[in-house]
Amino acid sequence: MTRKKLMTAAFVIGALAVSDAADAGPFRRVWERRKSEISSELRSELATETKAIDEKLQAQSKQRLDEESAKLTNQVQGEINTLRQRTSDQVAAEARIREQFTSIENMFDRDQARVSREGNRMIIRLVGLTFQSGQAEIRPAYRELFEKVKAATEVFPRSQVVIEGHTDSYGSDDANLALSRKRAEAVSAYLAQLGVPALRMSAVGYGETQPIANNDTEQGRARNRRIDIIIEPQLESTPAAQ
């Protein structure tokens, strides 16, 4: 409603009020009718403008809701796409690891090594490697075996290689610990001679502390005297969701 119309209406209503107070004879009915018409017009215009304002507010509210809905939809879709890509990358990485594990497993004869997997770590148990009692010298006959170990480390060129030495329970704890460490270090040195980077390797001795068989039998003690090669790949991580 315009300001001019409001002023006109106010003037007319004021005049009617004065007219009512004076009881102005023959013009009273005319003023009464005109007052009713003006009041009706004012109510109609007010209703029209009120409706227009309501429609405008509803349109603005709907626009805001549509914008927020579109924004939320895009955000959710983006998160779904990120999760889908991360899952796809993880599946592809797991498939590659399985393929690499199989290739390492196929390198060795059963009487040379047993290959197993713990998570992403590859464990090569050198069942075909033996040492003279109390000794840590590696005999030339084992070169073929260690050539295969070298090839296995190259399947994961960025991997860390841990050489673990273990003994049976015969002898003192300190002597077994020292012997297991010497044997692990001998294996590390031999692999370094074959070309495995020394910086990638570490040697550790566990003595008799981690048996895998009963030390009460000769067969069990033979299994406990062992060298395990642990290959720990440095896998590429999937970017975290922001």
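Preceding this section is the structure that the text describes.
Reference entry: report on the structure contained in this document. Please read all numbers here as calculations on a predicted model, not as lab measurements.

## Let's talk about the overall build of the chain
Now for step 1: A count of helices and strands for the chain gives five helices and five strands.
Now for step 2: Each helix (α) and strand (β) of the chain, taken in turn from the N terminus, gives the series α-α-β-β-α-β-α-β-α-β.
Now for step 3: For the chain, buried positions account for 27% of its 242 residues.
Now for step 4: Put simply, 67% of the contacts in the chain that link residues at least 6 apart link residues at least 24 apart.
Now for step 5: Surface summary for the chain: the accessible area is close to 16100 Å², and the carbon and sulfur share equals 53%.

## Considerations on helix α3 (residues 143-155)
Note: α-helices contain 3.6 residues per turn, so residues at a spacing of three or four share the same orientation.
Now for step 1: With 13 residues, α3 should reach 18 Å at 1.5 Å per residue; the first-to-last C-alpha distance of 19 Å fits that figure.
Now for step 2: Along α3, the positions that sit buried rather than exposed are Leu145, Phe146, Lys148, Val149, Ala152 and Thr153. Down the axis of α3, the buried set is contained in an arc of 150 degrees. They therefore lie on one face.

## Structural notes on the nonpolar core
Now for step 1: Ranked by internal contacts, the top residues of the largest apolar core, which has 31 residues, are Ile124, Leu126, Phe146, Val187 and Ile229.
Now for step 2: Looking at this core, the elements with two or more residues in it are α2 (28-105), β2 (121-125), α3, β3 (160-166), α4 (173-194) and β5 (226-232).
Now for step 3: A total of six residues in this core trace back to one element, the largest contributor, which is α4.
Now for step 4: Apart from residues lying up to four places away in sequence, Ile124 is in contact with Ile104, Phe108, Ala113, Arg114, Val115, Ala152, Ile227, Asp228, Ile229 and Ile231.

## Quick word on the packing of α3 against α4
Now for step 1: Two elements in contact, α3 and α4, have axes separated by 10 Å at closest approach and are oriented at 75 degrees. Between α3 and α4, the interaxial angle falls into the category roughly perpendicular. For the pair α3 and α4, the contacting residues are Arg143, Phe146, Glu147, Val149 and Lys150 in the first and Val187, Tyr190, Leu191 and Leu194 in the second.
Now for step 2: Class assignment for the residues of the contact of α3 with α4 results in six nonpolar, no polar and three charged.

## Describing α4
Now for step 1: A rise of 1.5 Å per residue sets the reference length of α4, with its 22 residues, at 32 Å; its end C-alpha atoms lie 32 Å apart and thus fit the reference within 8%.
Now for step 2: Buried within α4 we find Asn176, Leu179, Ser180, Arg183, Ala184, Ala186, Val187, Ser188, Tyr190, Leu191 and Leu194.
Now for step 3: Against α3, β3, β4 (201-205) and β5 lie the buried residues of α4.

## Some words on the environment of Ala198
Now for step 1: With respect to the helices, strands and loops of the structure, Ala198 is situated in the loop between α4 and β4.
Now for step 2: Residue Ala198 is classed as exposed on the basis of its relative accessible area of 52%.

How each quantity is defined
Residues numbered from 1 in each chain as written. Predicted model: local features only at pLDDT ≥ 70, side-chain atom pairs only at ≥ 80, totals over all residues. Heavy atoms only, no water. Helix = DSSP H or I, 4+ residues; strand = E, 2+ residues; numbered from the N terminus. Buried < 20%, exposed > 50% of the residue type's maximum accessible area, 1.4 Å probe, protein only. Contact = heavy atoms within 4.5 Å. Areas by Shrake-Rupley, 256 points an atom, 1.4 Å probe, with all protein chains shown as cover. Expected span 1.5 Å × (residues − 1). Arc of directions from axis to C-beta. Core = buried A, V, L, I, M, F, W, Y, C linked by side-chain atoms within 4.5 Å. Axes fitted to C-alpha atoms, helices over the stretch in contact; angles between N-to-C directions. Parallel < 35°, antiparallel > 145°, perpendicular 65-115°, else oblique. Nonpolar A, V, L, I, M, F, W, Y, C, P; charged D, E, K, R; others polar.

The values reported here are purely geometric and, on their own, carry no functional implication.
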